[in-house]
Protein chains: 2
Amino acid sequence: MRFSLPGTGDVRQVPVFGCECKVCCQARVNVRRRRRPCCALLETPQGDLLIDAGLTDLAERFEQKGLNAILLTHYHVDHVQGLFHLRWGMGEKIPVYGPSDVQGYADLLKHPGILKFMPAAEPFQRFELSGIGVTPIPLQHSKPTYGYLLEYNNSLIAYLTDTVGLPEQTQIFLKQLLKERRIDLLVMDCSYPPQNTTPRNHNDLNMALEIHHSLRPCRTVLTHISHEMDLWLSDHPDSLPDHVQVARDDDDFLF
Amino acid sequence: MRFSLPGTGDVRQVPVFGCECKVCCQARVNVRRRRRPCCALLETPQGDLLIDAGLTDLAERFEQKGLNAILLTHYHVDHVQGLFHLRWGMGEKIPVYGPSDVQGYADLLKHPGILKFMPAAEPFQRFELSGIGVTPIPLQHSKPTYGYLLEYNNSLIAYLTDTVGLPEQTQIFLKQLLKERRIDLLVMDCSYPPQNTTPRNHNDLNMALEIHHSLRPCRTVLTHISHEMDLWLSDHPDSLPDHVQVARDDDDFLF
Ligand SMILES: [Mn+2]
Ligand SMILES: [Mn+2]
Ligand SMILES: [Mn+2]
Ligand SMILES: [Mn+2]
Ligand SMILES: [Zn+2]
Ligand SMILES: [Zn+2]
């Protein structure tokens, strides 16, 4: 199974329109420095599974190979805007799983087109999609938000964004889980560089590292990166502990 | 002044995701056959003016040259979705003009970022933007919608989409105007091939040609084209009267 990160940016993405910081200027010249809307893709022999739909070129990306299902973490525009470009397509319905959120975003739930919004996934209840075990775990954000535990063969990935810290129930659930097995790959919200006060809605590096140290995965990859975070990193090279790295768009991992 | 059409597609665009019709298959192979979300761009020595914001790459397009203002015809997603990618930018505010629509689309009016939604433009009241005379004229659609008369030097462009026919007040206003001068370029909604019954929300070719014959512009360009319209055209070549043509993405006209 191939697990990749087609987008690793925050709501503003990188470059930020009109920003003249070092990071944004570099990203305009070097496409590899850009950050698209945050998402993940799981490719298995049974089909493709997309986590979040903020990319605006989903039709082109999945025209040929198809898309088995979409998992949404939450209904913020940077995580769902690509659905506007898919919904009036033709052919088989694409099931969309996510947290309970009666509002959804804009008119997506009212006019789903070929999208099939499934009944809200139950927290902590494992289900199977394309041969992958999927367990939704509640996160802490400004909208109802799920992270996902993803099991394939003997590998365990935890995809935890958008979030600021972890709700207590989720901490208890994960600690129980960790008695039995280790997380192979933790992908986590780290929108901001270290802050002096507790950040709102998203982890800063302090909180992200706190979660890393508490869950002790084999490897942690930081995502949902803002231009401020990139700027801080370029001024503080070698500041991340072992086993922690910052994601880049299109990073991939084989399991 | 350069007047161009960066997008000429309907809400589904061309190719339609998953569609295997001749038109959509061709568009996948030949990018020049694709149709992006319907919009227009006016470039004058005083700056750039964009009509509708459905393109998702507005940040890249206008990063260097800037954007003086945006005129919205209406708040349907295929005409505003690009604003999601601009609003969290930095620098000068971008004024956005449009019809009165308290809902707007999604959370755009509530969280405008660098967009400055101006008080609703008054119907039939001319104002100036970047050296262009702009007169909003009400159209007939499923949301409050304006077409725009655009005057530059001695040239007159009428941009009329999305619409099905024209409201009576608008017809009266245009007939009065035509006593004094001719429309040089009429750009008009022609989403559908000829229908047997009156179409909903958008012109079919019958209604588009009826408006063309009634307004008698020097030239009419059909836009907001669906894959069905493209398919019909490929099966009925040479079926358009003189002075009427179908737009292609990036068509441009100099005034
Ligand atoms: Mn986000
Ligand atoms: Mn969010
Ligand atoms: Mn439209
Ligand atoms: Mn419309
Ligand atoms: Zn920046
Ligand atoms: Zn088609």
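That block above? That's the structure.
The numbers attached to residues start from 1 for each chain and follow its sequence in the written order. The lettering of chains begins at A and the numbering of ligands begins at 1, in the order of writing. It should be noted that, the model being predicted, local features are given only for residues of pLDDT at least 70 and side-chain atom pairs only at 80 or more, the latter also being counted only at that level, while totals for whole chains, interfaces and linings use all residues. As a rule here, side-chain values cover all heavy atoms of the structure and leave hydrogens and water aside.

Q: Explain the overall build of chain A residue by residue, including any values.
A: Counting its regular elements, chain A contains 7 helices and 14 strands. Since a compact globule built from 255 residues should have a radius of gyration of about 18 Å, the 17 Å found for chain A is in line with a globular shape. Every one of the 255 residues in chain A was classed for burial, and the buried ones make up 58%. Contact criterion: two residues are considered in contact whenever any of their non-hydrogen atoms come within 4.5 Å of each other. Within chain A, contacts between residues separated by at least 24 positions form 63% of all contacts whose residues are at least 6 apart in sequence. Carbon and sulfur atoms form 47% of the exposed surface of chain A, whose accessible area is close to 11,000 Å². Under this rule, positive means Lys or Arg and negative means Asp or Glu; His and the chain ends count for nothing. Where a charge lies is defined by one atom per residue type, namely NZ (Lys), CZ (Arg), CG (Asp) and CD (Glu). Separation of charge centres in chain A, based on 25 positive and 31 negative side chains, amounts to 1 Å. The secondary structure listing takes helices from DSSP runs of H or I that are at least 4 residues long and strands from runs of E that are at least 2 residues long, numbered from the N terminus. This radius of gyration counts C-alpha atoms alone. The globule rule is 2.2 Å times how many residues there are, raised to the power 0.38. Exposure is judged per residue with a 1.4 Å probe applied to protein chains only, and the accessible area is read against the type maximum: over 50% gives exposed, under 20% gives buried, and values in between give partly exposed. Surface accessibility follows the Shrake-Rupley procedure with a 1.4 Å probe radius. Residue values consider only the protein chains on display as shielding.

Q: A description of the pattern of salt bridges should follow, citing residues and the corresponding values.
A: One side chain can pair with another of opposite charge once the charged atoms of both are near each other. Residue and element names in this part refer to chain B. We define a salt bridge as a contact between a side-chain nitrogen of Lys or Arg and a carboxyl oxygen of Asp or Glu at a distance within 4 Å. One pass over the full model with this rule turns up 36 salt bridges over all chains. Note that R12 and E228 form a salt bridge whose closest N and O atoms lie 3.9 Å from each other. You can see R12 sitting in the loop between β1 (2-7) and α1 (22-29) and its partner E228 sitting in helix α7 (residues 227-235), a full 216 residues away along the chain. When its relative accessible area of 24% is taken as the criterion, R12 is described as partly exposed. D48 is the partner of K65 in a salt bridge, and the nearest nitrogen-oxygen pair spans 2.6 Å. Pair noted here: K65 is in the loop between α2 (58-62) and β4 (69-71) and D48 is in strand β3 (residues 47-51), with a separation of 17 residues, a long-range link.

Q: How would you explain the coordination of the manganese ion (ligand 3) if you had to name every residue and give the values?
A: Residue and element names in this part refer to chain B. Here the coordinating atoms are restricted to nitrogen, oxygen and sulfur within 2.8 Å of the metal centre, or 3.2 Å for Na, K and Ca, and because water is not among them the sites may look incomplete. Taken together, D78 (OD), H79 (NE2), D162 (OD) and H224 (NE2) make up the protein donors of the manganese ion (ligand 3), found 2.2 to 2.3 Å from the metal. In the primary sequence, the donor residues of the manganese ion (ligand 3) line up as D-H-x82-D-x61-H. Distance-wise, the manganese ion (ligand 4) is placed 3.3 Å from the manganese ion (ligand 3), both being coordinated by D162. One end of the pair, D162, is in the loop between β10 (155-160) and α5 (168-180); the other, H224, is in the loop between β12 (219-223) and α7, and 62 residues separate them in sequence. The residues D162 and H224 share a single accessibility class, namely buried.

Q: Tell me about the relation of the copies chain B and chain A, residues and numbers included.
A: When the copies are superposed, the least-squares fit draws on C-alpha atoms of residues that have pLDDT of at least 70 in both. Superposing chain B onto chain A requires a rotation of 180 degrees together with a translation of 0.0 Å along the rotation axis, leaving an RMSD of 0.0 Å. Classification of the inter-copy transformation places it as that of a two-fold axis. Residues of chain B ranked by C-alpha distance from the rotation axis are headed by B:A106, positioned 2.2 Å from it. A share of 100% of interface residues in chain B that are also interface residues in chain A marks the association as one of identical surfaces.

Q: Which residues make up the pairing of strand β5 (residues 94-97) of chain A, and what values go with them?
A: Residues and elements named next belong to chain A. Along β5, one buried face is formed by I94 and V96 and the opposite face, lined by P95 and Y97, is buried too. If DSSP finds at least two bridges between two strands, the strands pair. With 2 bridges joining them, strand β4 (residues 69-71) and β5 adopt parallel strand pairing. Across the sheet, the residue bridging to I70 is V96, located in β5. Across 3 bridges, β5 lies against strand β6 (residues 115-117) in parallel orientation. Directly across from I94, in β6, lies its bridge partner L115.

Q: If you had to explain helix α7 (residues 227-235) of chain A to someone new, which residues and values would you point to?
A: Taken together, the buried positions of α7(A) are A:H227, A:M229, A:D230, A:W232 and A:L233. At its buried positions, α7(A) is contacted by α1 (22-29), α6 (205-215) and β13 (244-246) of chain A.

Q: Help me get a handle on the nonpolar core, residues and values and all.
A: Judged by nonpolar contacts, the single largest core of 48 residues is most densely connected at A:I70, A:L83, A:L86, B:I70 and B:L86. The contact partners of A:I70, leaving out residues within four places of it in the chain, are A:L50, A:A53, A:L83, A:L86, A:I94, A:P95, A:V96 and A:Y97. B:A40, B:F127, B:I132 and B:Y146 belong to the second-largest nonpolar core, a separate cluster that totals 27 residues. We call a set of buried Ala, Val, Leu, Ile, Met, Phe, Trp, Tyr and Cys residues a nonpolar core when their side-chain atoms join them within 4.5 Å.

Q: Let's hear about the coordination of the manganese ion (ligand 4): which residues, and what values?
A: All names here are of chain B. Taken together, the protein ligands of the manganese ion (ligand 4) are H74 (NE2), H76 (ND1), H141 (NE2) and D162 (OD), with distances of 2.2 to 2.4 Å. Along the chain, the residues that donate to the manganese ion (ligand 4) are spaced as H-x1-H-x64-H-x20-D. Of the residues examined, H74 reaches a relative accessible area of 0% and is grouped as buried.

Q: Any chance you could break down the sheet that holds β4(B) for me, citing the residues and the numbers?
A: All names here are of chain B. Here 7 strands make up an open sheet; going across it, the order is β6-β5-β4-β3-β2-β1-β14 and the pairing mixed. Edge strands, defined here as strands with exactly one partner in the open sheet, are β6 (115-117) and β14 (251-254). Adjacent strand axes in the sheet meet at a mean angle of 20 degrees when their direction is disregarded. Bridge analysis of β3 against β4 gives 3 bridges, and the strand direction is parallel. Of the residues in β4, the one forming a bridge with L50 is I70. Angular values range over 0 to 180 degrees, each being the angle between N-to-C directions of two axes fitted as lines to C-alpha atoms, with helices fitted over their stretch in contact.

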